[in-house]
Amino acid sequence: IGLRTVPNMTVIRPADANETAQAWRVAIQHSDGPVALVLTRQGLPVLEGTKEKAREGVRKGAYVLSPQQGETPEGILIATGSEVSLAVEAQALLREEGVDASVVPMPSMFLFNLQDEAYKQSVLPNEVRARMSLEMGATYGWERYVGLDGLAYGIDRWGASGEGKTVTAELGFTPEKVVAAYKEKFVK
């Protein structure tokens, strides 16, 4: 996360094997500054849709992986790295409760910022104010994408040590806790 504050540093945090392959492609083709691939040791699932969408999506920094069912999403779950699979699980629970949200992986804020306004609007439409970012790290930088009305869901303190599932649950990174935070903020 701190690497994102380095000027002209392209940071890419892929969500699964398909995004990782595309991140590597972007890195070896990039000739305008350093690139950092931020990977995980976690065993992550290969997400439905990344095989088809990751090539272009990673190159552009963000994309809609799991769209809403209606024309315009009621909310947007923006995630990066290992938290994208969590966002997909939370989206399913939100749908069960009648909330029609989309899931946007954002492997690279830097690359997304380089896109034209039309593309940015296609991924993060201005009219959708219920935006929640998910990253198991500091929330720094996410305010740019969630806006004044949004929720940056992260950890703005030291983490914890222990078994992975226990620590993530304790820190609030389960589908149920994400949905509860979303509903508390956006569902009246």
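Remember, predicted model here, so these are calculated numbers, not experimental data.

### Focus on the side chain of Ser 66
For Ser 66, the location among the structural elements is in the loop between helix 2 (50-60) and strand 3 (75-79). Polar contacts involving the side chain of Ser 66 include one to the side chain of Gln 91, which spans 2.6 Å. Setting aside chain neighbours within four positions, we find Ser 66 in contact with Gln 91, Arg 95, Ala 101, Ser 102 and Val 103.

### Observations concerning helix 8 (residues 175-186)
In a regular helix each residue adds 1.5 Å, so 12 residues correspond to 16 Å; helix 8 covers 16 Å between its end C-alpha atoms and thus fits that length. If you check which residues of helix 8 are buried, you get Pro 175, Val 178, Val 179, Ala 181, Tyr 182 and Phe 186. Along the axis of helix 8, the buried residues cluster in a sector spanning 160°; they form a single face. Facing away from the buried side of helix 8 by over 90 degrees, the exposed positions are Glu 176 and Glu 184. Contacts from the buried residues of helix 8 go to strand 3, helix 3 (83-96), strand 5 (131-134) and strand 6 (151-153).

### Considerations on the pairing of strand 4 (residues 101-105)
Side-chain direction in a regular strand flips from residue to residue, so the side chains alternate between the two faces of the sheet. Counting buried positions along strand 4 yields five of five residues, so the element is predominantly enclosed. The two faces of strand 4 match: Ala 101, Val 103 and Pro 105 on one face and Ser 102 and Val 104 on the other face are all buried. Two elements, strand 3 and strand 4, share five bridges in a ladder whose sense is parallel. Of the residues in strand 4, the one forming a bridge with Leu 77 is Val 103. Traced from strand 3 through helix 3 to strand 4, the parallel crossover comes out right-handed.

### A short note on the packing of helix 3 against helix 8
Between helix 3 and helix 8, whose axes approach to 9 Å, the crossing angle comes to 60°. Taken as axis vectors, helix 3 and helix 8 run oblique relative to one another. By crossing handedness, the relation of helix 3 to helix 8 is classed as right-handed. From helix 3, Leu 86, Glu 89, Ala 90, Leu 93 and Leu 94 reach across to helix 8, where they touch Pro 175, Glu 176, Val 178, Val 179, Tyr 182 and Lys 183.

### Observations concerning the side chain of Arg 13
Here Arg 13 is to be found in the loop between strand 1 (10-12) and helix 1 (17-29). Take Arg 13: its relative accessible area is 14%, and that puts it in the buried class. A distance of 2.6 Å separates a polar atom in the side chain of Arg 13 from a polar atom in the side chain of Glu 83. A polar side-chain atom of Arg 13 sits 3.4 Å from a polar atom in the side chain of Glu 135.

### Considering the packing of aromatic side chains
Scanning the entire structure with this criterion turns up five aromatic pairs. An angle of 65° between the planes, with centres 6.4 Å apart, marks the rings of Phe 112 and Tyr 119 as edge-to-face. In terms of burial, Phe 112 and Tyr 119 fall into one category: buried. Look at Tyr 182 and Phe 186: their rings are 4.8 Å apart centre to centre, the planes differ by 55°, and that puts the pair in the tilted class.

### Brief notes about helix 3
The terminal C-alpha atoms of helix 3, which comprises 14 residues, lie 20 Å apart, in line with the 20 Å expected from a rise of 1.5 Å per residue. Three or more residues of helix 3 are buried, namely Glu 83, Val 84, Ser 85, Leu 86, Ala 87, Ala 90, Gln 91 and Leu 94. Where helix 3 is buried, its residues meet strand 3, strand 4, strand 5 and helix 8.

### Here we look at the sheet that holds strand 4
Spatial ordering of the open sheet is given by 4-3-5-6, a layout of four strands whose pairing is parallel. With partners counted over all chains shown, the strands left at the sheet margins are strand 4 and strand 6, one partner each. Taken pair by pair, the neighbouring strands of this sheet meet at an average axis angle of 20°, ignoring direction. Relative to strand 5, strand 3 runs parallel, the two being bridged by four bridges. Bridge assignment links Ile 76 to a residue of strand 5, and that residue is Arg 131. Of the strands in this sheet, strand 3, strand 4 and strand 5 are in contact with helix 3, which crosses strand 4 at around 175°.

Thresholds, definitions, all that
Residues numbered from 1 in each chain as written. Predicted model: local features only at pLDDT ≥ 70, side-chain atom pairs only at ≥ 80, totals over all residues. Heavy atoms only, no water. Helix = DSSP H or I, 4+ residues; strand = E, 2+ residues; numbered from the N terminus. Polar contact = N/O pair within 3.5 Å; in protein donor to acceptor, adjacent residues only side chain to side chain. Contact = heavy atoms within 4.5 Å. Expected span 1.5 Å × (residues − 1). Buried < 20%, exposed > 50% of the residue type's maximum accessible area, 1.4 Å probe, protein only. Arc of directions from axis to C-beta. Pairing = 2+ DSSP bridges. Right-handed = clockwise from strand over helix to strand, strands pointing away. Axes fitted to C-alpha atoms, helices over the stretch in contact; angles between N-to-C directions. Parallel < 35°, antiparallel > 145°, perpendicular 65-115°, else oblique. Left-handed = near helix turned anticlockwise from the far one by under 90°. Phe/Tyr/Trp six-rings, centres within 6.5 Å; stacked < 30°, edge-to-face > 60°.

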